[in-house]
Amino acid sequence: MQRINPQNLKMALLAGCGATLCISSLATLEQLIPQTIWLMAPFGATMVLLFALPESPLAQPRNIFCGHLLTSLVGLIILNTLGVSPLALGLAVGLGIAVMMLTHTVHPPAGANPLVVMLTAQHWDFLYMPVASGVALILAFGWLYHNLLCRRQYPQKWF
């Protein structure tokens with residue numbers, strides 16, 4: 001059995017704690033403010049990048065914020081123009097990826113957003129709640145967590 005490096009253990013526990021606190025905070029807001037959605041599944045994957053790999057270009061605020069917003073917008077446009085079909089679902093994900101690449105805002109967890117939007121028949125206000133507001137809180141939490149608690153600089157670059 002391989003021995004766990006104490007530094008790796010510390011980093012893994014810090015990342016896990018950060019993700020736990022962030023998602024728990026969003027879930028608590030959802031309970032405190034009825035009729036609002038603060039969580040969506042792709043945010044769970046965002047936690048991996050934000051807390052385990054905060055130096056990654058994919059974990060920087062521009063990528064997280066714009067990646068989630070743009071792919072959700074693509075999903076809404078396809079949903080409202082083509083409806084939901086196997087081709088439309090594939091097209092929405094493919095266009096979402098293309099838009100992120102062209103805008104230099106690739107954030108892999110956001111690739112799931114068009115599916116979330118289309119399979120749950122979301123409305124335009126989904127862009128504001130949970131996408132923009134949720135991501136803004138995630139980024140604020142990530143900044144506080146990394147800079148104040150972990151004493152390391154995050155982000156490497158804001159936008």
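Residues numbered from 1 in each chain as written. Predicted model: local features only at pLDDT ≥ 70, side-chain atom pairs only at ≥ 80, totals over all residues. Heavy atoms only, no water.

**Quick word on the packing of aromatic side chains**
The geometry of an aromatic ring pair is captured by the separation of the ring centres together with the interplanar angle, meaning the angle of the planes. Within this structure, the stated rule accounts for 3 aromatic pairs. Plain terms: the ring middles of phenylalanine 51 and tyrosine 145 are 5.3 Å apart, the flat faces sit at 85° to each other, and that makes the pair edge-to-face. Taken together, the residues phenylalanine 51 in helix H2 (residues 41–52) and tyrosine 145 in helix H6 (residues 128–149) connect sequence positions 94 residues apart. Classification of phenylalanine 51 by relative accessible area gives buried; the value is 2%. Connected via pairs of aromatic rings, a cluster forms that spans Phe51, Phe141 and Tyr145. (Phe/Tyr/Trp six-rings, centres within 6.5 Å; stacked < 30°, edge-to-face > 60°. Helix = DSSP H or I, 4+ residues; strand = E, 2+ residues; numbered from the N terminus. Buried < 20%, exposed > 50% of the residue type's maximum accessible area, 1.4 Å probe, protein only.)

**Brief notes about the UniProt feature "transmembrane region" (unreviewed entry) in the chain**
With numbering matched to this structure, UniProt assigns "transmembrane region" (unreviewed entry) to residues 37–53, 73–106 and 126–145. For residues 37–53, the end-to-end C-alpha separation is 26 Å, with 71% helix and 0% strand making up the annotated structure. Taken end to end, residues 126–145 is 90% helix and 0% strand, and its two terminal C-alpha atoms sit 27 Å from one another. (UniProt positions renumbered as here; feature names shortened; annotations may be inferred.)

**Section: the environment of threonine 103**
Summarising the element assignment, threonine 103 is placed in the loop between helix H4 (86–102) and helix H5 (113–119). Put simply, threonine 103 and arginine 62 are 41 residues apart on the chain and 10.0 Å apart in space, counted from C-alpha to C-alpha. If we ignore the near neighbours within four places in the chain, the residues touching threonine 103 are Arg62 and Leu70. For threonine 103, the side chain forms a polar contact with the main-chain oxygen of valine 99, separated by 2.7 Å. (Contact = heavy atoms within 4.5 Å. Polar contact = N/O pair within 3.5 Å; in protein donor to acceptor, adjacent residues only side chain to side chain.)

**Thoughts on the UniProt feature "domain: HPP transmembrane region" (unreviewed entry) in the chain**
Taken from the UniProt record, the annotation "domain: HPP transmembrane region" (unreviewed entry) applies to residues 6–155. Counted over residues 6–155, helix gives 71% and strand 0%. Its end C-alpha atoms are 25 Å apart.

**Considerations on the packing of helix H3 (residues 61–82) against H6**
Their axes nearest at 10 Å, the elements H3 and H6 cross at an angle of 165°. Between H3 and H6, the crossing angle belongs to the class labelled roughly antiparallel. Here the hand of the crossing between H3 and H6 comes out right-handed. Across from Pro61, Ile64, Phe65, His68, Leu69 and Ser72 in H3, the residues of H6 making contact are Val131, Ala132, Val135 and Leu139. Of the residues in the contact of H3 with H6, the class split is 8 nonpolar, 2 polar and no charged. (Axes fitted to C-alpha atoms, helices over the stretch in contact; angles between N-to-C directions. Parallel < 35°, antiparallel > 145°, perpendicular 65-115°, else oblique. Left-handed = near helix turned anticlockwise from the far one by under 90°. Nonpolar A, V, L, I, M, F, W, Y, C, P; charged D, E, K, R; others polar.)

**Quick notes on unusual backbone geometry**
Residue methionine 129 is joined to proline 130 through a cis peptide bond whose omega torsion reads 20°. Relative to the elements of secondary structure, proline 130 occurs in helix H6. One non-glycine residue, histidine 104, lies in the positive phi region at around 55°. Of note, the phi angle at arginine 151 is positive, near 60°, even though the residue is not glycine. Counting through the fold element by element, arginine 151 comes out in the segment after H6. Judged by its relative accessible area of 68%, arginine 151 is exposed.

**Observations concerning the environment of leucine 69**
Here leucine 69 shows up in helix H3. Leucine 69 gets classed as partly exposed once you look at its relative accessible area, which sits at 26%. Sequence spacing of leucine 69 and histidine 107 is 38 residues, and the spatial spacing of their C-alpha atoms is 11 Å. With sequence-adjacent residues up to four places away left out, leucine 69 is seen in contact with Leu127, Val131 and Ala132.

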